[in-house]
Amino acid sequence: MDREEHVPLEHHIALMSDSTAWVKTGLQLLDSADLIWATVVRGIHMFGILCEIAEASPDHRYEESLEQRRMVLEGIAMGGPFRLLAGYAIENLLKAVHVRRRVLKNEPIVNDQGNLQGIRGDHNYVELAKRELGETISPEEELLLCRLSLAVLWAGRYPGNKKVPGQTDWIQAYGSGRDDRDQVRALADRIIRVHDGLG
C-alpha cells in the first residue's frame, strides 16, 4: 500500500511550498553525512600515516596491521555514501531556493499531479546551481557539484555506472579529499544565505 496516496493534496502542496521544510531536510541530510564523514577522515588519516612510514623505510614498504588496513578500506568505502547524502542535501537546499522564489512570485509549486514544477529532476547539480544561484558558481564549486551529481546518479550507490560510463573520471566519481566536508558545508551555507536573502 502506498502511503503517499492517502496524503491530502492540500497538505502535500503546503509541505512542498514551504521552503524552510526543504532547508530542514537538507540540513538533516548534511548532519547524517557528517556521521559518515568521521569514518572517511579516519581512513584518510591512516592512509597518510602508512604513506609516511613507507616513504621513511629504506625499501619504501610497510607492514600494515589488519586494523590499519580495515580503517583505510572503510574510509575509502564510506566516501561514496557521504557524497550521496551530501548530494541529496545540496539538492534539497537548491530546491528550497527554487520554491522560495516561486512562492514570492505567487507561482504554483506543484502541478495537478502534485509534482514539483519548474525544476530539474536529473540530479545535474551544476545546471541546477547555475539556475538557482546565478552563473556565479566557482570552478571549485562546479567540480564539487559534478562529484555530488555522480554520487547521486550512481557512484554513491552502485558498484559502477549502470549505463556505459564513457569517459567517466573515476577519481572524480570515487575519490575523497580531506576538505570534501568543508567544501560541502561552505556551499550549503552559501545556498542557505541566498534562500534567506530572498525575503
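Residues numbered from 1 in each chain as written. Predicted model: local features only at pLDDT ≥ 70, side-chain atom pairs only at ≥ 80, totals over all residues. Heavy atoms only, no water.

## Looking at the confidence of the model for the chain
Part 1 of the argument: Across the chain, pLDDT averages 83, with 86% of residues at or above 70.
Part 2 of the argument: Between the elements of the chain, mean pLDDT differs from a low of 52, seen in helix 6 (residues 170-174), to a high of 95, seen in helix 7 (residues 180-197). (pLDDT = per-residue confidence, 0-100. Helix = DSSP H or I, 4+ residues; strand = E, 2+ residues; numbered from the N terminus.)

## Structural notes on unusual backbone geometry
Part 1 of the argument: For Asn 106, which is not a glycine, the phi torsion comes out positive at approximately 60°.
Part 2 of the argument: With phi around 60°, His 123 is a residue other than glycine that occupies positive phi space.
Part 3 of the argument: By the secondary structure assignment, His 123 is in the loop between helix 3 (66-104) and helix 4 (125-133).

## Points about helix 7
Part 1 of the argument: For helix 7, which comprises 18 residues, the first-to-last C-alpha distance of 26 Å matches the rise-based estimate of 26 Å (1.5 Å per residue) to within 8%.
Part 2 of the argument: Every buried residue of helix 7 is accounted for by Asp 180, Val 184, Arg 185, Leu 187, Ala 188, Arg 190, Ile 191, Ile 192 and His 195.
Part 3 of the argument: Close packing links the buried residues of helix 7 with helix 2 (19-56), helix 3, helix 4 and helix 5 (139-155).
Part 4 of the argument: Gly 199 sits one or two positions beyond helix 7 and adopts a positive phi of about 105°. (Expected span 1.5 Å × (residues − 1). Buried < 20%, exposed > 50% of the residue type's maximum accessible area, 1.4 Å probe, protein only. Contact = heavy atoms within 4.5 Å.)

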